[in-house]
Amino acid sequence: MSLSVMLVAGARPNFMKIAPIWDAIQPRDDVEAVLVHTGQHYDPNMSDVFFKELGLPQPDEFLGVGSGTHAEQTARVMLAFEPVLAKYKPHVVVVVGDVNSTVACALVAVKLGIRVAHVEAGLRSWDRTMPEEINRIATDAISDYLFTSSRDADANLLREGIPASRIFFVGNVMVDTLLTHRDRAVERSDVLERLGLSERGYAVMTLHRPSNVDTEDALQRMVYIILQTQCRLPVVLPLHPRTRTRLGQRVSDLVDAGVVLTDPLGYLDFLRLMCSARVVLTDSGGIQEETTVLGVPCLTLRENTERPVTLTQGTNFLVGTQPELVLSTLDEVLSEGVRRQYTVPEGWDGKAAHRIVDTLVNLCA
Ligand code: UD1
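For the structure given in this document, a descriptive report is provided here.

### Section: the overall build of the chain
Secondary structure summary: the chain contains 17 helices and 13 strands in total. Against the 2.2 N^0.38 benchmark of 21 Å for 365 residues, the chain shows a C-alpha radius of gyration of 20 Å, consistent with a compact globule. Seen along its three principal axes, the alpha-carbon backbone of the chain occupies a region of about 60 × 40 × 40 Å. The proportion of buried residues among the 365 residues of the chain is 60%. In the chain, the share of contacts with a sequence separation of at least 24, taken over all contacts with a separation of at least 6, comes to 68%. Only carbon and sulfur atoms are counted for the fraction: they give 51% of the accessible area of the chain, which is about 14700 Å². Of the side-chain charges in the chain, 35 are positive and 46 negative, and the distance between the mean point of each set is 1 Å.

Rendered as C-alpha cells:
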C-alpha cells in the first residue's frame with residue numbers, strides 16, 4: 001500500500017515550500033499526495049499566480065477560509081479541515097512554515113490521531129508578540145516529525161524537550177524552489193523592463209509585519225526609511241494588501257517621490273527583481289533566506305530574526321527599525337564598505353524535499 005500524504009498550504013509563503021514536496025512525490029509509486037489549500041490567502045496575486053508559476057495543480061480541496069482576526073481565521077481553518085481529514089484519512093499531514101493555517105491544521109490532525117510532519121520546524125525569534133512565533137512553538141510541540149532547515153533549529157527543539165528521534169535536519173525547501181526557478185525567472189520575466197529598472201541599480205523593499213505597519217509610529221518610521229532610501233537609489237515596493245490599507249493616502253506621497261509601487265508580484269517576477277537588486281530591505285522571513293542564496297545584501301527591518309544562519313553565514317544584516325541604523329548600514333552597503341564573505345548554509349542545496357519524502361516513507365510506510 002502506498003503512503004498517503006496530505007500537503008497543506010494556506011498563505012503566500014507556503015506555496016513555495018509545498019511545491020518541491022509535491023514535485024518530489026509525483027514520480028514515486030510508493031507515495032500519493034492530496035493537496036489542500038485553506039484559502040487564508042485568496043487574491044489571485046497572493047495565491048493563484050504561485051500555483052500557476054510553480055506548476056502546482058488545482059488543490060484537491062479549497063477551504064476558502066479568507067481573512068479575519070487570528071481566532072476567527074484559525075478557527076475557520078480548523079472547522080473546515082476536520083471533515084477533509086475524515087474524507088481522505090491520510091497517513092500523515094504535512095504542514096509548512098508558521099502561518100495560522102499551519103497551526104490550525106496540525107492541531108486538528110493530531111487530535112484525530114493522524115501523524116503530523118512540520119517542515120521548517122524549530123525556528124525561533126524569541127519574540128512572543130509575533131503571531132508566527134506562537135504558531136511555530138505550538139506546531140512544533142504537537143508535531144510527530146520535525147523537519148528542520150538549519151542546525152540552530154535542531155538545538156532549539158532539543159532545548160524545548162523534543163526527543164532527537166523526532167527531529168530530522170533536511171535543509172531548506174524554499175531554496176529547492178528558488179534553485180529550480182532562478183534561471184527561468186532571469187530568462188522569462190520582463191519585470192526590470194516593465195518597471196524601468198537597471199541591473200544592480202535599485203533597491204527592493206517589502207513590508208507587511210504588523211509590528212511595522214499596524215501602528216502609526218512604526219508606519220511613519222517605515223515611510224521615512226522608504227523615502228530616504230529613494231533619495232539614494234530607486235526603490236521598488238510591491239505592496240502587501242495589509243500595507244496598502246495601512247498606508248492609505250500616503251501611497252500618493254511615495255509615488256510622488258518616485259517610489260515604484262506595485263501590486264504583489266508573482267514568484268518569477270519577484271525572484272527576478274531580487275536577483276538583480278543592489279540591496280533588499282525587508283521584514284519578511286523567507287526573503288532573508290532567498291537573498292542569502294542569491295548573494296544579495298539584505299537589510300532586515302526587525303529587532304530579531306528566527307533565521308540567524310542568514311546573519312552568521314549569509315548576506316543578511318539585522319538593522320532594526322530605527323532610521324539611523326538602517327540608513328547608516330544602507331550607506332555602507334551601497335558604498336561597498338561592507339563586503340561580506342558569505343556561504344550558503346548546509347542543506348540549502350535544492351534537495352531538501354527529496355530528503356523529506358524519503359524520510360516520510362521510511363517512517364510511515
Ligand atoms: C500572513 C502570515 C504571515 C506571512 C504573511 C505573508 C499569519 C499569522 N500571518 O500574514 O506569517 O508572513 O501571511 O503574506 O498567518 N488580504 C488580502 N488578500 C489576500 C490575503 C490577505 O487582501 O489574499 C488582506 C486582508 O485584508 C487581510 C490582510 O491582508 O486582513 C492580512 O492577511 P492575513 O492572512 O491575516 O495576514 P498576513 O498579514 O498576510
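From this point, the discussion proceeds with the structure in view.
### Observations regarding the pairing of strand 1 (residues 3-9)
Summarising burial for strand 1: 7 of the 7 residues are buried, a large majority. Here strand 1 shows a buried face lined by L3, V5, L7 and A9 and a second buried face lined by S4, M6 and V8. In this sheet, strand 2 (residues 31-37) lies alongside strand 1 in parallel orientation, the contact comprising 7 bridges. Following the sheet pairing, V8 is matched in strand 2 by V36.

### Examining the sheet that holds strand 11 (residues 279-282)
Taken together, the 6 strands give an open sheet; going across it, the order is 10-9-8-11-12-13, and neighbouring strands pair in parallel fashion. Single-partner strands in this sheet number two, and they are strand 10 (260-262) and strand 13 (316-318). Averaged over all pairs of adjacent strands, the angle between their axes in this sheet comes to 20°, without regard to strand direction. Relative to strand 9 (residues 235-238), strand 8 (residues 203-206) runs parallel, the two sharing 2 bridges.

### Description of the site of the ligand
Around the ligand sit 19 residues, and of these Q40, H41, E132, H208 and R242 come closest. H41 places a side-chain nitrogen or oxygen 2.7 Å from an oxygen atom of the ligand. Here an oxygen atom of the ligand sits 2.8 Å away from a polar atom, N or O, in the side chain of H208. Bound to the protein, the ligand loses 85% of the 740 Å² it would expose on its own. Those elements that provide at least two residues to the shell around the ligand are helix 1 (12-25), helix 3 (70-88), helix 5 (131-142) and helix 11 (241-247). Looking at the shell around the ligand residue by residue, the classes come out as 6 nonpolar, 8 polar and 5 charged.

### Notes on the side chain of T177
Note on placement: T177 falls in helix 7 (residues 173-188). T177 has contacts with M16, P20, L54 and Y267, leaving out every residue within four places of it along the chain.

### Some points on the nonpolar core
If you look at the biggest cluster of nonpolar residues, it comprises 63 residues, and the most contacted ones within it are L7, I21, F147, L273 and L360. Here the element with the most residues in this core is helix 1; it accounts for 8 residues. Excluding residues within four positions of it along the chain, L360 makes contact with L3, V92, V94, A117, Y145, F147 and A365. In this structure, V223, L301, L330 and V333 belong to the second largest nonpolar core, which totals 29 residues.

### Structural notes on the sheet that holds strand 1
Read across the open sheet, the 7 strands follow the order 3-2-1-4-5-6-7; overall the sheet is parallel. Each of the sheet's edge strands pairs with one partner strand only, and the pair in question is strand 3 (61-62) and strand 7 (167-169). As judged from the 3 bridges shared by strand 5 (residues 115-119) and strand 6 (residues 145-148), these two strands associate in the parallel manner. Bridge pairing in strand 6 links A117 to Y145. On top of the sheet, helix 6 (residues 151-159) reaches strand 6 and strand 7; it is set at about 170° to strand 7, its chief contact.

The rules we used
Residues numbered from 1 in each chain as written. Predicted model: local features only at pLDDT ≥ 70, side-chain atom pairs only at ≥ 80, totals over all residues. Heavy atoms only, no water. Helix = DSSP H or I, 4+ residues; strand = E, 2+ residues; numbered from the N terminus. Rg over C-alpha atoms; globule rule 2.2 N^0.38 Å. Buried < 20%, exposed > 50% of the residue type's maximum accessible area, 1.4 Å probe, protein only. Contact = heavy atoms within 4.5 Å. Areas by Shrake-Rupley, 256 points an atom, 1.4 Å probe, with all protein chains shown as cover. Lys, Arg positive; Asp, Glu negative; His and termini not counted. Charge placed at Lys NZ, Arg CZ, Asp CG, Glu CD. Pairing = 2+ DSSP bridges. Axes fitted to C-alpha atoms, helices over the stretch in contact; angles between N-to-C directions. Near = heavy atom within 4 Å. Polar contact = N/O pair within 3.5 Å; in protein donor to acceptor, adjacent residues only side chain to side chain. Nonpolar A, V, L, I, M, F, W, Y, C, P; charged D, E, K, R; others polar. Core = buried A, V, L, I, M, F, W, Y, C linked by side-chain atoms within 4.5 Å.

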